[in-house]
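One letter stands for each residue in the lines below.
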Amino acid sequence: MQQQLKEFGLGATAASGACLFTNPLEVAKTRMQLQGELKARGTYAVHYKNAFHAFYTIGRYDGLRSLQSGLVPALVYQAVMNGCRLGSYQVFTNLKLTADSEGEIVFWRCLVAGGISGATGAFLASPAYMVKTQLQSQATDTIAVGFQHRHTGFLQAISGIYQQFGIKGLWRGVSGALARVMVGSAVQLSTFSTTKEKILQTNFFPARSWLIPASASMISSIAVVTFMTPFDVVSTRLYNQGTSASGKGLLYNGFADCFVKVFKQEGILGLYKGFGPHYFRIGPHTILSLLFWDQLRVLSASYGF
C-alpha cells in the first residue's frame, strides 16, 4: 500500500511542478479555442492570432498577472489527475500488466493501461479543470471570448456552482474530459514507455541518463498534441459554456453534440484551434512532467524510499 501511495505522490509532484511553467500557455490556448465559437472563419473578430500574439494581447488588456489565471485550480487538477493517472499507470507497470511474459513492453497493453489511468484521473479532477477553464477565459470586454462566468477565485467558484447546481453541476462537461484524457493519456504513456524502451536498447545514452526519458517524452509530446487537440477543444467548449437555471448547457448537449456542431460550423480547423499554444503547452508539460516523474522515481529508489 505504501508503494502505491508513493507512486501517486510522485506523479502529483511531477505534474504540479511542470504546471507552474506551462500555465500561461494554457491560458492562451483556452482563449484561442473559445475564439469564434460556432462561427465560420472570417465572420468574427480575431483577438488572438497565435500564441505569442495572445500573450501580448492578454498582458496588454488584462495585465501580466492574467497570464497565470486559474493557476490554483490548475495545480489542484494536475495534482489529482496526474497523481492518479501516473500513479495508476506505474502500479500497472509494477504489476507487470504492461509487459509480456518475457518482460518486454507491449504497446497495446500500455495503451489500455494509459487510457484507464487517464479516465480515472480525469473524472476525479473534473471540477478543478472546469473552474480552471472558466477562470482562464475571463477577460476584459475588449478581448473577451466565450461565455464569461465572472468567478472571483477557485473556492468561490466551487462553492457557487455547488450551491446553484448541486454536486452534479461540479461534474458538468466531464464527458469531454474523459474522452480528452483517455486519448491523451493512452497516447502519451504508451509512446513514452515504448519509445523509452527502444532508446534504451540502442545504447546511445548511458543506461541511467536523464536524456533517455527526455528524448522519449519529446517524441511522446508530438503524438499527444496531434491526437488530443480536437478532444481538448470540445472539452474546453463544454466546460466553459453558459448554463440555464436548471444547469443545462446553452450551446451543447454533450460530447458528441459539441464535436458535430464545431465540425459543421467551424470545419476541421475549428477542432484544431489553439494547436500552436496547445503544443507549446503540452510539449513542455509532457517533457517536464514525464522527465520529473522518471527522475523522481530514480531519486526515490536511490534513497530506498
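Residues numbered from 1 in each chain as written. Predicted model: local features only at pLDDT ≥ 70, side-chain atom pairs only at ≥ 80, totals over all residues. Heavy atoms only, no water.

The protein chain is annotated in an unreviewed UniProt entry as Solute carrier family 25 member 35 of Pocillopora damicornis. The heading Subcellular location (unreviewed entry) in the UniProt record of the protein chain holds the text "Mitochondrion inner membrane". (UniProt positions renumbered as here; feature names shortened; annotations may be inferred.)

Summed over all chains, the structure comprises eight aromatic pairs. Where phenylalanine 231 meets phenylalanine 255, the ring centres are 6.0 Å apart and the plane angle is 5°; that geometry is what we call stacked. Placement of the pair is phenylalanine 231 in helix α7 (residues 211-240) and phenylalanine 255 in helix α8 (residues 255-266), with a sequence separation of 24 residues. The rings of Tyr77, Tyr129 and Tyr239 are connected pair by pair, giving a single aromatic cluster. When the ring centre of tyrosine 129 is taken as reference, the NZ or CZ atom of lysine 132 above it lies at 4.3 Å. (Phe/Tyr/Trp six-rings, centres within 6.5 Å; stacked < 30°, edge-to-face > 60°. Helix = DSSP H or I, 4+ residues; strand = E, 2+ residues; numbered from the N terminus. Lys NZ or Arg CZ within 6 Å of the ring centre and 35° of its normal.)

Let us look at the packing of helix α4 (residues 107-137) against helix α5 (residues 154-170). When two helices pack together, their arrangement is given by the angle between the helix axes and the distance between those axes. Packing of α4 against α5 brings their axes to within 11 Å, and their N-to-C directions diverge by 125°. With respect to α5, the element α4 is oriented oblique. The interaxial crossing formed by α4 with α5 has right-handed handedness. The segment α4 lies against α5, with Ser126, Pro127, Ala128, Met130, Val131, Gln134 and Leu135 engaging Phe154, Ala157, Ile158, Ile161, Gly169 and Leu170. When the residues that make up the contact of α4 with α5 are grouped by side-chain class, the tally is 10 nonpolar, three polar and no charged. (Axes fitted to C-alpha atoms, helices over the stretch in contact; angles between N-to-C directions. Parallel < 35°, antiparallel > 145°, perpendicular 65-115°, else oblique. Left-handed = near helix turned anticlockwise from the far one by under 90°. Contact = heavy atoms within 4.5 Å. Nonpolar A, V, L, I, M, F, W, Y, C, P; charged D, E, K, R; others polar.)

Tallied over the entire structure, the rule returns nine salt bridges. Residue aspartate 62 pairs with arginine 31 through a salt bridge whose shortest N-O separation is 3.1 Å. Of this pair, aspartate 62 sits in the loop between α2 (51-61) and α3 (71-94) while arginine 31 sits in helix α1 (residues 2-34), placing them 31 residues apart in sequence. Assigned by exposure class, aspartate 62 and arginine 31 land together as buried. For glutamate 266, the salt bridge identified is with lysine 273, shortest N-O distance 2.8 Å. Accessibility classification places glutamate 266 together with lysine 273 in one group, the buried group. Through salt bridges that share partners, Glu26, Lys29, Lys132, Arg180 and Asp232 make up one connected network. (Salt bridge = Lys/Arg side-chain N within 4 Å of Asp/Glu carboxyl O. Buried < 20%, exposed > 50% of the residue type's maximum accessible area, 1.4 Å probe, protein only.)

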